[in-house]
Amino acid sequence: MNETQLLPAVEHSREILKKFAESITGWQVKDTDIKMISVRSFSNRVKRFVISNVCVGEELNENLSDIIHEPVLAIFESNEFLVITPDKIKANKRIYFFNENEVFEIENNI
C-alpha cells in the first residue's frame, strides 16, 4: 500500500471528526491532512505563553490542556486551526482553537 494512502477506517474516522468540528463551530472545515502544528499560545492554566508541538497521535501538552494524557485525534484548518481530542470527562470530543498568529509551523502527512 502506498504510504500516503490511509486505511478506509482511518479515512472514515477523520471524516466523522471533520463533521463533528463543522457541527460544533458552524465553520467550513478543511482536511489538509495536518500531522503537526507548532504553537505559541497563552495558557490560562499556567498563566504564561507555552511553545509546543501539537502532533496527531501524541498527547497534547499538559500546559495547553485541563486534562493530562489527552491524545490528539486530528488537526483541521478552518477560521482557526482546530485540534480535536477526546473529552474523557464528558465521553465526547473536545476542540482546541489556535489562531493563525499562534501557529508558526505546519507539517502535513506526505
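Shown above is the structure to which this text applies.
All of these numbers come straight from a predicted model, not from anything done at the bench. (Residues numbered from 1 in each chain as written. Predicted model: local features only at pLDDT ≥ 70, side-chain atom pairs only at ≥ 80, totals over all residues. Heavy atoms only, no water.)

A few words now on the nonpolar core. Counting 14 residues, the largest nonpolar core has Ile37, Val39, Val54, Leu64, Ile75, Val83 and Phe98 as the members making the most contacts within it. Among the elements of the structure, strand 1 (34-43), strand 2 (48-55), strand 4 (81-87) and strand 5 (92-98) are those that each provide at least two residues to this core. If you tally residues by element for this core, the top one is strand 1, at three residues. When neighbours within four sequence positions are excluded, Ile37 is seen to be in contact with Ser52, Asn53, Val54, Ile75, Phe81, Val83, Phe98, Val103, Glu105 and Ile106. Core analysis: the next-biggest nonpolar cluster, separate from the first, contains nine residues, Leu17, Ala21, Val29 and Ile95 among them. (Core = buried A, V, L, I, M, F, W, Y, C linked by side-chain atoms within 4.5 Å. Buried < 20%, exposed > 50% of the residue type's maximum accessible area, 1.4 Å probe, protein only. Helix = DSSP H or I, 4+ residues; strand = E, 2+ residues; numbered from the N terminus. Contact = heavy atoms within 4.5 Å.)

Checked against the element boundaries, Asn101 lands in the loop between strand 5 and strand 6 (103-108). You can call Asn101 exposed: its relative accessible area is 72%. Between the C-alpha atoms of Asn101 and Arg40, which are 61 residues apart in sequence, the distance is 8.4 Å.

So, about the sheet that holds strand 1. Overall, antiparallel pairing links the three strands, which are arranged 2-1-6 in an open sheet. Across the chains shown, the open sheet's two edge strands, defined by having one partner strand only, are strand 2 and strand 6. Going across the sheet, the axis of each strand differs from the next one's by a mean of 15 degrees, ignoring polarity. As judged from the five bridges shared by strand 1 and strand 6, these two strands associate in the antiparallel manner. Residue Val39 lies in a different strand from strand 6, and its bridge partner there is Val103. (Pairing = 2+ DSSP bridges. Axes fitted to C-alpha atoms, helices over the stretch in contact; angles between N-to-C directions.)

All told, the structure shown has two aromatic pairs when counted by the stated rule. Seen from their ring centres, Trp27 and Phe97 are 5.8 Å apart, and the 80 degrees between their planes marks the pair as edge-to-face. Of this pair, Trp27 sits in the loop between helix 1 (8-25) and strand 1 while Phe97 sits in strand 5, placing them 70 residues apart in sequence. Judged by relative accessible area, Trp27 falls into the partly exposed class, the value being 25%. Here the guanidinium or amino end of Arg40 rests over the ring plane of Phe49, the centre of that ring lying 4.2 Å away. Over the aromatic face of Phe20 sits the side chain of Lys93, whose NZ or CZ is 5.2 Å from the ring centroid. (Phe/Tyr/Trp six-rings, centres within 6.5 Å; stacked < 30°, edge-to-face > 60°. Lys NZ or Arg CZ within 6 Å of the ring centre and 35° of its normal.)

Tracing the sequence through the fold places Lys30 in the loop between helix 1 and strand 1. Taking relative accessible area as the criterion, Lys30 reaches 46% and is therefore assigned partly exposed. Separated by 49 residues in the primary sequence, Lys30 and Asn79 place their C-alpha atoms 9.7 Å from one another. What Lys30 contacts, discounting residues up to four positions off in sequence, is Phe76 and Glu77.

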